[in-house]
Amino acid sequence: MHTHRWLRTCCVALALAGGVAAGNDWPGLSPHEVAEWLQGDIPAAPAVSVDGRNAAAAGELVRLDAVADPSVAVLWHLVGGSAEHWDTSNDGRTVFFASPQPGRYVFVLAASASLAPGAPPDLQLVEHVLTVSGPAPGPQPPGPAPNPGPTPPGPAPAPPRPTLPQGQFAISQAIYDAVATMPATDKALILEVASNYSVVASQCAAGTMPTFKGALEKAVELNRPRFGPRRDDHLKAWGNLLNQRIGQLSQAGKLPSAAQWSVLFDEIALGLRAWGAN
């Protein structure tokens, strides 16, 4: 089967959208033709399940894993949830989720092991319900009157640094640490950039990006309106890191096909989104 055909069909069926980030031209990179994806007859109705918790507290990080044969293609969808509260890793087989809002969250895992030419995908859908409990955020009661003394209040403590999954390219944590030097007022901007990286990752997975250079140029196109003329040191700190890492991976031959491009962009989006939402 052509995995990218199945992924494209699933994306349309589930009406998913994804995201990718900013950058300049990456020196030394040449276009990579999309390699032919894995083919073969695989038995229908693959055995697939979800391994993970069914309950969590508001704001708590939860991990869900797709349990299936490595040859089975999988795709996650959160019904009615916010894209800012979850992301995938481990080549799309693992979900990390945290929501400040209590409620009932339904994850749908789609799996397919075979697809006959010209036939609709043979899908198996597994539903996993996660109940998030805790007080809903609301207006805080007024605090005591400020002390009129000469000592100004100190800065708010920084949120704890999360430990992100290593993934295939081990880039999420490095991206998080680099953007963490930016002021907190840039978090909304970084969340938009993360969504752009996810968009390009989805397009790579769907087979609509014929070259890696084209995927990079699409990311730059999406992010240029977000950054405008801005070129400060905060942006350079993680932009230079991103350029260096992508150049190293490309020269080492670790980005041969759209499958790897999609995973790379998803890992970049995870690092950005983890800081923007923290």
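Residues numbered from 1 in each chain as written. Predicted model: local features only at pLDDT ≥ 70, side-chain atom pairs only at ≥ 80, totals over all residues. Heavy atoms only, no water.

Visitor: Explanation requested: the confidence of the model for the protein chain in the structure shown.
Guide: Detailed conclusions should not be drawn from predicted coordinates in areas where pLDDT is low. Here the protein chain shows a mean pLDDT of 75. Residues at 70 or above account for 70%. Taken as a whole, residues 1-44 scores under 50 in pLDDT and shows 128 contacts with residues more than four places along the chain or in a different chain. (pLDDT = per-residue confidence, 0-100. Contact = heavy atoms within 4.5 Å.)

Visitor: Help me understand the sheet that holds strand β4 (residues 62-67) in this model?
Guide: The strands making up a sheet associate through hydrogen bonds between their backbones, and the pairing can be parallel or antiparallel. Strands sit in the order β2-β4-β7-β6 across an open sheet of four strands; the sheet is antiparallel. Across the chains shown, the open sheet's two edge strands, defined by having one partner strand only, are β2 (49-52) and β6 (86-89). Put simply, the sheet's adjacent strands are angled 25 degrees from each other on average, direction ignored. The pairing of β6 with strand β7 (residues 94-97) spans four bridges and is classified as antiparallel. For D87, the partnering residue across the bridge sits in β7 and is F96. (Pairing = 2+ DSSP bridges. Helix = DSSP H or I, 4+ residues; strand = E, 2+ residues; numbered from the N terminus. Axes fitted to C-alpha atoms, helices over the stretch in contact; angles between N-to-C directions.)

Visitor: When you look at the pairing of strand β9 (residues 123-133) in this model, what are you seeing that I'm missing?
Guide: Regular strands have side chains that alternate between both faces of the sheet. As defined by bridge partners, strand β3 (residues 55-57) adjoins β9 across three bridges and the pair is classed as parallel. Paired with A55 across the bridge in β9 is T131. As paired elements, strand β8 (residues 103-112) and β9 share ten bridges and run antiparallel to each other. Across the sheet, the residue bridging to Y105 is L130, located in β9.

Visitor: Before we go on, may I ask you to explain the packing of helix α3 (residues 187-205) against helix α6 (residues 258-276) in this structure?
Guide: The geometry of a pair of packed helices is captured by two quantities: the angle between their axes and the separation between those axes. Look at α3 against α6: their axes get within 8 Å of each other, and the N-to-C directions meet at 165 degrees. Taken together, α3 and α6 sit at an angle that is classed as roughly antiparallel. The hand of the α3/α6 crossing is left-handed. Across from K187, I190, L191, V193, A194, S195, Y197, S198, V200, A201, C204 and A205 in α3, the residues of α6 making contact are A258, W261, S262, F265, D266, I268, A269, L272, R273, W275 and G276. The residue makeup of the contact of α3 with α6, split by class, is 16 nonpolar, four polar and three charged. (Parallel < 35°, antiparallel > 145°, perpendicular 65-115°, else oblique. Left-handed = near helix turned anticlockwise from the far one by under 90°. Nonpolar A, V, L, I, M, F, W, Y, C, P; charged D, E, K, R; others polar.)

Visitor: What's the story with the nonpolar core in this structure? I'm lost.
Guide: Across soluble globular proteins, nonpolar side chains have a tendency to be buried as a group. If you look at the biggest cluster of nonpolar residues, it comprises 39 residues, and the most contacted ones within it are Y197, W238, L264, F265, I268 and L272. Of all the elements, α6 adds the most residues to this core, at nine residues. A56, A66, V74 and L130 belong to the second-largest nonpolar core, a separate cluster that totals 21 residues. (Core = buried A, V, L, I, M, F, W, Y, C linked by side-chain atoms within 4.5 Å. Buried < 20%, exposed > 50% of the residue type's maximum accessible area, 1.4 Å probe, protein only.)

Visitor: Would you mind going over the packing of aromatic side chains with me for this structure?
Guide: Geometry of an aromatic ring pair is reported as the spacing of the ring centres plus the angle between the planes. Scanning all chains against the criterion turns up seven aromatic pairs. One aromatic cluster is present, formed by W76, W86, F97, Y105 and F107 through successive ring pairs. Note that K187 overlies the ring of W275, its terminal NZ or CZ placed 5.2 Å from the centroid. (Phe/Tyr/Trp six-rings, centres within 6.5 Å; stacked < 30°, edge-to-face > 60°. Lys NZ or Arg CZ within 6 Å of the ring centre and 35° of its normal.)

Visitor: Honestly, the pattern of salt bridges in this entry has me stumped. Any pointers?
Guide: Pairing between side chains of opposite charge can happen when their charged atoms approach one another. Counted by the stated rule, this structure contains six salt bridges. For E60, the salt bridge identified is with R53, shortest N-O distance 3.0 Å. Assessed through its relative accessible area of 31%, E60 is described here as partly exposed. For R53, a relative accessible area of 37% puts it in the partly exposed group. For the salt bridge of R226 with E192, the shortest nitrogen-to-oxygen distance reads 2.9 Å. Of the two residues, R226 sits in helix α4 (residues 212-227) while E192 sits in helix α3, which places them 34 residues apart along the sequence. (Salt bridge = Lys/Arg side-chain N within 4 Å of Asp/Glu carboxyl O.)

Visitor: Hey, could you run me through the sheet that holds β8 in this one?
Guide: Reading across from one edge, β3-β9-β8-β5 is the order of the four strands in this open sheet, with mixed pairing throughout. The open sheet terminates on both sides in strands that have one partner only, identified here as β3 and β5 (73-79). Each strand axis lies, on average, 25 degrees off the axis of its neighbour in the sheet, ignoring direction.

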